[in-house]
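# Structure assessment
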Amino acid sequence: MYQQAHFKEDRPELIRELVDHFPLATLVLHSAQGLQANHLPMLWRGDALDGCLQGHIARANRIWQLPAADAAAEEASELPALAIFQAGDGYVSPSWYPSKRELGKVVPTWNYAVVHVHGRLRFIHDPAWLEGFLGTLTDRHEAQRAQPWHISDAPQDYRKAQYRAIVGLELQIERVEAKFKLSQNRSAADRAGVLAGLAEEGDARALQLRAWMQRQSTE
């Protein structure tokens, strides 16, 4: 990922927060058949920026049968993979910068925050692992509901049939990159102008981006 020093983010708490709040990953695999991309929610397990990402796919999604692109990965039954997570993003108008009125030397841009997690991917068929993972994943996303649904609410024979229709996956983390491009290269006045412009737009996307700009600058 192309990085500029003022956009590089290395604070574990912000990186983990982005992944926790926007868990739908774009999972890119490198196999002997080329690049493969899939979209699935993933759960980060471990401390700081270590550990692994876990998820699951339909068994009918044959990526779990893809041959590795190199002999070393093939021997280890693993595939090189990249999981991409993205928070709020949006267009930034030059008309929001006070410096436009002073100098006029401004152009539009696009603000965003992304996390790239690199590692090696393995596939898991163990029903006990799948049940434990799905229970944790479901509990995470049901936690704020008044009446949370638990995986045990479904009949056991039904759950077992569902487990046979999916394959687990685990990405062992080797490297994490994060880029929060949120107007850090602009003056305090211009950043305030962007925040005001996003607030005036007022739609959910603009307000989400505005919240991430505020979060980044207050840490």
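Residues numbered from 1 in each chain as written. Predicted model: local features only at pLDDT ≥ 70, side-chain atom pairs only at ≥ 80, totals over all residues. Heavy atoms only, no water.

### A closer look at the overall build of the protein chain
When its secondary structure is counted, the protein chain shows 7 helices and 7 strands. Start at the N end of the protein chain and walk to the C end: the helices and strands fall as α-β-β-β-β-α-β-α-β-α-α-β-α-α. For the C-alpha atoms alone, the extent of the protein chain along its principal axes is close to 65 × 50 × 30 Å. Counting over 219 residues, the protein chain shows a buried share of 44%. For the protein chain, contacts bridging at least 24 residues in sequence account for 75% of all contacts bridging at least 6. As displayed, the protein chain offers around 11,800 Å² of accessible surface, 51% of which is attributable to carbon and sulfur atoms. Taking the average place of the 24 positive charges on the side chains of the protein chain and the average place of its 27 negative ones, the gap between the two points comes to 5 Å. (Helix = DSSP H or I, 4+ residues; strand = E, 2+ residues; numbered from the N terminus. Buried < 20%, exposed > 50% of the residue type's maximum accessible area, 1.4 Å probe, protein only. Contact = heavy atoms within 4.5 Å. Areas by Shrake-Rupley, 256 points an atom, 1.4 Å probe, with all protein chains shown as cover. Lys, Arg positive; Asp, Glu negative; His and termini not counted. Charge placed at Lys NZ, Arg CZ, Asp CG, Glu CD.)

### Details of unusual backbone geometry
One non-glycine residue, Ala-48, adopts positive backbone phi at about 50°. For Ala-48, the position within the fold is in the loop between β3 (43–45) and β4 (52–58). For Ala-48, a relative accessible area of 44% corresponds to the partly exposed category.

### Description of the sheet that holds strand β1 (residues 24–31)
Here 7 strands make up an open sheet; going across it, the order is β2-β1-β5-β6-β7-β4-β3 and the pairing antiparallel. Each edge of the sheet is formed by a strand with only one pairing partner; in this case those strands are β2 (34–41) and β3. Taking the axes of each pair of neighbouring strands and ignoring which way they run, one obtains an average angle of 35° across the sheet. Of the pairings in the sheet, the one linking strand β6 (residues 109–124) to strand β7 (residues 166–181) comprises 13 bridges and is antiparallel in character. Considered in β7, the bridge of Val-114 is made with Lys-179. (Pairing = 2+ DSSP bridges. Axes fitted to C-alpha atoms, helices over the stretch in contact; angles between N-to-C directions.)

### Quick look at the environment of Trp-212
Mapping Trp-212 onto the fold places it in helix α7 (residues 204–218). For the pair Trp-212 and Gly-88, spaced 124 residues apart in sequence, the C-alpha separation works out to 7.1 Å. Setting aside its immediate chain neighbours within four residues, Trp-212 contacts Leu-14, Glu-17, Leu-18, Phe-22, Ala-87, Gly-88, Phe-180 and Leu-182.

### Thoughts on the pattern of salt bridges
What the rule picks out here adds up to 9 salt bridges. Of the charged contacts in the structure, one is a salt bridge between Asp-20 and Arg-140, with a shortest N-O distance of 3.5 Å. A residue pair is termed long-range when its members are at least 10 positions apart, and Asp-20 in helix α1 (residues 12–21) and Arg-140 in helix α4 (residues 127–142) qualify at 120 residues. Note on Arg-140: relative accessible area 40%, which makes it partly exposed. (Salt bridge = Lys/Arg side-chain N within 4 Å of Asp/Glu carboxyl O.)

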